[in-house]
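Spelled out, the chains give:
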Amino acid sequence: MKIEFQRWPDDLASRYRERGYWIDEPLTRILAEQWRLRPEAPAIICGERRFTYAELDTLSSNLAAHLTAQGLGHGDTALVQLPNVAEFYIVFFALLKIGVAPVNALFSHRQLELTAYAKQIEPRLLIASRRHELFGDDGFAAELRRMVPGLALVLLHDEPSPEIGLDHRMRAAPDRRSPFAPTASDEVAFFQLSGGSTGTPKLIPRTHNDYDYSVRGSAEICGLTPQTRFLCALPAGHNFPLSSPGALGVFHAGGCVVLAPNPEPLTCFALIERHGVDMVALVPPAIMLWLQAAPAHRSALRSLKLVQVGGASFAGSIARQVPEVLGCKLQQVFGMAEGLVNYTRLDDADERVFSTQGRPISPDDEVKIVDEDGRPVAEGTPGMLATRGPYTFRGYYRSPEHNAQVFDAEGFYYSGDVVQRTPEGDLKVVGRVKDQINRGGEKVAAEEIENLILQHPDVTQAALVAMQDALLGEKSCAFIVSRNPELKAPALRRHLLALGVAEYKLPDRVRLIEAMPLTAVGKIDKKKLRDRLAQPSATF
Ligand code: J2J
């Protein structure tokens, strides 16, 4: 059984193979190669626990064997939600080994997101953590089982019992092992999460071939070696710390991933000092906190050579401070879970690194910058980014209507970013046309939250817009027309939390207004609402 998804057309697929981008190997080759080359080298450091490549391979094989014994295999999917722990990678490789495609939900996701993913992929396996509020008891897992009748197996991290404990399945090898078979390299390996701009969170099918190329290309651009020690402080499943070059890039190079629970500076500085970390990937607000905290801890950062920043706009004035205050190189990364990733290069002149978001990984990443009618803009002027290439997807999972809106006839994906190309060929992200709030790298789809707010009985109209914020870059403000003038922000917050949405998606501010400003065609005029934010007015 194969997972259906939108494939690349044959001519492009042949070109990507001929040029050596698609090597027709499963993603498990990353681990298999290191297991052969350096089995005893450290692959992961997680708190006091260390895992060699041999251990990473054995533990993932044990789990894979258990899952095979339960009848899981090709065509099956898994919903996985783990914090930043070594088990994240063990599970990821175990599932790849037996051709089960996971969705790696963020740890901050709650009922609403998990349910939306479960409904789309109909998982046969759920792997979650007792540490998460939803899985402290078995209520929500039972609810998921009711919702997805095919959900055959639930395994929990941080759960001692042998029946449902993940740890037990990793540690104990079953008696008999059948040989593992990943899915074919041009099939879906796993699903990445879209930042989203629509009502329901969307899933991105990623194949072995395309993802592996983005990992290899990224590792080369970033000069990774077996000596690399990468601090993973962003959510492990996010595309940036997973593949740009992220943990998979580090494994590909034979280096070591040091896990941090979050990017909090003092926690990270201690890990950097203790483990000789030389590279880290961060979002802009985290770097701002690091810049504030670093002067008092310079010696802890001695080993740090490269800080990557991405996920949201990063002011040039802050970028300039990084080399001096953190004592290392800066690299800007402009990527997306849908595919295309741009990097400033390690040997670029400082000014290029400070003021641009770099250029694509591949010579075959095709980037068009177009106006509203889809025509290329004059070189150097801002326009919408449209792209296709050897690791950019061709369609969201089971979303034909939305795909029709964000792809053109040639298969170019419109990311919703407004960019500009410099004469040197670097991209600068200068704006956005998608209806999304980028809250310091965490993406909030306006429509998703508006629909949830509208479920409140008092609310007749709702619009979520971005407001500027010194630390996060953007925060969200909900403008609301309510039948009840007494509706207060805390009540709305409770309403949203009760619906089960992740906390980072809650509006940071709520404003009650008499009526929505409308555009000429009668749509809510979000530009006018954003302008209003600049003016003082009653807020609650
Ligand atoms: C401005 N906006 C940026 C940047 C992403 C590497 C790095 C980041 C992501 C990521 C990723 C930006 N400056 N440097 O997947 O592999 C905004 C754009 C983009 C959206 C994608 C990776 N870097 N962005 O952030 O899927 O709007 O991926 O389209 O979460 O983040 O978000 P996401």
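Residues numbered from 1 in each chain as written. Predicted model: local features only at pLDDT ≥ 70, side-chain atom pairs only at ≥ 80, totals over all residues. Heavy atoms only, no water.

Colleague: Could you clarify how one ought to interpret the overall build of the protein chain in this entry?
Modeller: Tallying secondary structure elements over the protein chain gives 19 helices and 24 strands in all. Counting only C-alpha atoms and orienting by the principal axes, one finds that the protein chain spans roughly 70 × 55 × 55 Å. For the protein chain, with 540 residues in total, the buried portion stands at 60%. A separation threshold of at least 6 residues defines the contact pool for the protein chain, and within that pool the share at least 24 residues apart is 69%. The centroid of the 60 positive side-chain charges in the protein chain is displaced by 2 Å from the centroid of its 65 negative side-chain charges. (Helix = DSSP H or I, 4+ residues; strand = E, 2+ residues; numbered from the N terminus. Buried < 20%, exposed > 50% of the residue type's maximum accessible area, 1.4 Å probe, protein only. Contact = heavy atoms within 4.5 Å. Lys, Arg positive; Asp, Glu negative; His and termini not counted. Charge placed at Lys NZ, Arg CZ, Asp CG, Glu CD.)

Colleague: Can you walk me through the pairing of strand β4 (residues 101-104) in this structure?
Modeller: Taken residue by residue, a regular strand's side chains alternate between the two faces of the sheet. Of the two faces of β4, the one lined by Ala101 and Val103 and the one lined by Pro102 and Asn104 are each fully buried. Direction of pairing for strand β3 (residues 77-80) relative to β4: parallel, over a ladder of 4 bridges. Its bridge partner being in β4, Val80 is matched across the sheet by Asn104. Between the parallel pair β3 and β4, the chain is carried across by helix α4 (residues 86-97), and the sense of this crossover is right-handed. (Pairing = 2+ DSSP bridges. Right-handed = clockwise from strand over helix to strand, strands pointing away.)

Colleague: Any chance you could explain unusual backbone geometry here in plain terms?
Modeller: The phi angle of most residues is negative, glycine excepted, and most peptide bonds adopt the trans form. For the bond running from Ser244 to Pro245, omega is -15 degrees, close enough to zero to count as cis. Its location among the elements puts Pro245 in the loop between α9 (239-243) and α10 (246-253). A positive phi is found at Glu122, a non-glycine position, where the angle reads about 45 degrees. As for its placement among the helices and strands, Glu122 is situated in the loop between α5 (111-121) and β5 (125-129). What makes Glu122 partly exposed here is its relative accessible area of 48%. One non-glycine residue with positive phi stands out, namely Asp158, at about 65 degrees. Its place among the elements puts Asp158 in the loop between β6 (153-157) and α7 (166-171). Overall, the relative accessible area of 44% leaves Asp158 in the partly exposed class.

Colleague: How should I be thinking about the packing of helix α2 (residues 29-37) against α10 in this particular structure?
Modeller: A pair of packed helices can be characterised by two numbers: the angle between their axes and the separation between those axes. Remark: α2 packs on α10, axes separated minimally by 8 Å, with the N-to-C direction vectors making an angle of 35 degrees. The handedness of the crossing between α2 and α10 is left-handed. Touching Arg29, Ile30 and Gln34 of α2 are Leu248, Phe251, His252 and Ala253, all from α10. By residue class, the composition of the contact of α2 with α10 is 4 nonpolar, 2 polar and 1 charged. (Axes fitted to C-alpha atoms, helices over the stretch in contact; angles between N-to-C directions. Left-handed = near helix turned anticlockwise from the far one by under 90°. Nonpolar A, V, L, I, M, F, W, Y, C, P; charged D, E, K, R; others polar.)

Colleague: Honestly, the pattern of salt bridges in this entry has me stumped. Any pointers?
Modeller: Pairs can form between side chains of opposite charge once their charged atoms are near each other. Per the counting criterion, the structure on display carries 43 salt bridges. A salt bridge links Arg19 to Asp364; its shortest N-O distance comes to 2.9 Å. Placement of Arg19 in the loop between α1 (10-18) and α2 and of Asp364 in the loop between β15 (359-360) and β16 (366-370) is noted, with a sequence separation of 345 residues between them. Given the relative accessible area of 5%, Asp364 is considered buried. Of the charged contacts in the structure, one is a salt bridge between Arg206 and Asp210, with a shortest N-O distance of 2.8 Å. (Salt bridge = Lys/Arg side-chain N within 4 Å of Asp/Glu carboxyl O.)

Colleague: Help me out: how do you make sense of the nonpolar core in this one?
Modeller: The nonpolar side chains of soluble globular proteins are, as a tendency, buried together. By size, the foremost hydrophobic cluster in this structure holds 171 residues, and its most contacted members are Ile44, Tyr89, Leu231, Phe251 and Trp290. For this core, the element with the highest residue contribution is α4, accounting for 10 residues. In this structure, Ala463, Val465, Phe479 and Ile513 belong to the second largest nonpolar core, which totals 10 residues. (Core = buried A, V, L, I, M, F, W, Y, C linked by side-chain atoms within 4.5 Å.)

Colleague: What is the right way to look at the packing of aromatic side chains in this model?
Modeller: Each aromatic ring pair is specified by the distance between its two centres and by the angle formed by the two planes. Evaluated as defined, the whole model comprises 21 aromatic pairs. Ring centres of Trp8 and Trp22 lie 5.1 Å apart, and the angle between their planes is 85 degrees; on these two criteria the pair is classed as edge-to-face. With a gap of 14 residues between them, Trp8 in the segment before α1 and Trp22 in the loop between α1 and α2 connect regions that are remote in the sequence. This pair shows no difference in class: Trp8 is buried, exactly as Trp22 is. Measuring from ring centre to ring centre gives 6.0 Å for Phe93 and Phe251, while their planes differ by 55 degrees; the resulting arrangement is tilted. (Phe/Tyr/Trp six-rings, centres within 6.5 Å; stacked < 30°, edge-to-face > 60°.)

Colleague: Would you mind showing me how to read the domain arrangement of the protein chain here?
Modeller: How big an interface is tends to be expressed through the accessible area that disappears when the partners come together. We note that the domain assignment places domain 1 (29-39 + 53-183), domain 2 (219-432) and domain 3 (436-534) within the protein chain. Taken residue by residue, the interface counts 7 residues in domain 2 and 11 residues in domain 3. The interface formed by domain 2 and domain 3 holds 1 salt bridge in total. A salt bridge links Arg432 to Glu474, with the nearest nitrogen and oxygen atoms 2.8 Å apart. Here domain 2 is connected to domain 3 by 4 residue pairs in polar contact (both at pLDDT 80 or more). A total of 3 residues in the side of domain 2 that touches domain 3 trace back to one element, the largest contributor, which is helix α12 (residues 284-293). Class assignment of the residues belonging to the side of domain 2 that touches domain 3 gives a composition of 5 nonpolar, 1 polar and 1 charged. (Domains from an automatic or database assignment. Polar contact = N/O pair within 3.5 Å; in protein donor to acceptor, adjacent residues only side chain to side chain.)

Colleague: How should the environment of Asp76 be read in this particular structure?
Modeller: Residue placement: Asp76 occurs in the loop between α3 (53-69) and β3. Since its relative accessible area comes to 9%, Asp76 is described here as buried. With 393 residues separating them in the primary sequence, Asp76 and Asp469 have C-alpha atoms 42 Å apart. Those residues in contact with Asp76, other than ones at most four positions away along the chain, are Ile3, Gly71, Gly99, Val100, Ala101 and Arg124. Here Gly73 takes part through its backbone nitrogen, which lies 2.9 Å from a polar atom of the side chain of Asp76.

Colleague: Could you clarify how one ought to interpret the site of the ligand in this entry?
Modeller: Near the ligand you find 20 residues, and of these His238, Ser244, Val333, Asp417 and Lys434 are the closest. A distance of 2.7 Å is found between an oxygen atom of the ligand and a side-chain nitrogen or oxygen belonging to Ser244. If you list the elements that add at least two residues to the shell around the ligand, you get α9 and β13 (329-336). Ranked by the residues each element gives to the shell around the ligand, the list is headed by β13, at 4 residues. (Near = heavy atom within 4 Å.)

Colleague: Just checking my understanding: could you explain α4 for this structure?
Modeller: Note: α-helices contain 3.6 residues per turn, so residues at a spacing of three or four share the same orientation. The terminal C-alpha atoms of α4 lie 17 Å apart, and with 12 residues this matches the ideal 16 Å at 1.5 Å per residue to within 8%. Burial analysis of α4 places 12 of its 12 residues in the buried class, which makes it a mostly covered element. Of the positions making up α4, those classed as buried are Ala86, Glu87, Phe88, Tyr89, Ile90, Val91, Phe92, Phe93, Ala94, Leu95, Leu96 and Lys97. At the C-terminal side of α4, Gly99 shows a positive phi close to 75 degrees. (Expected span 1.5 Å × (residues − 1).)

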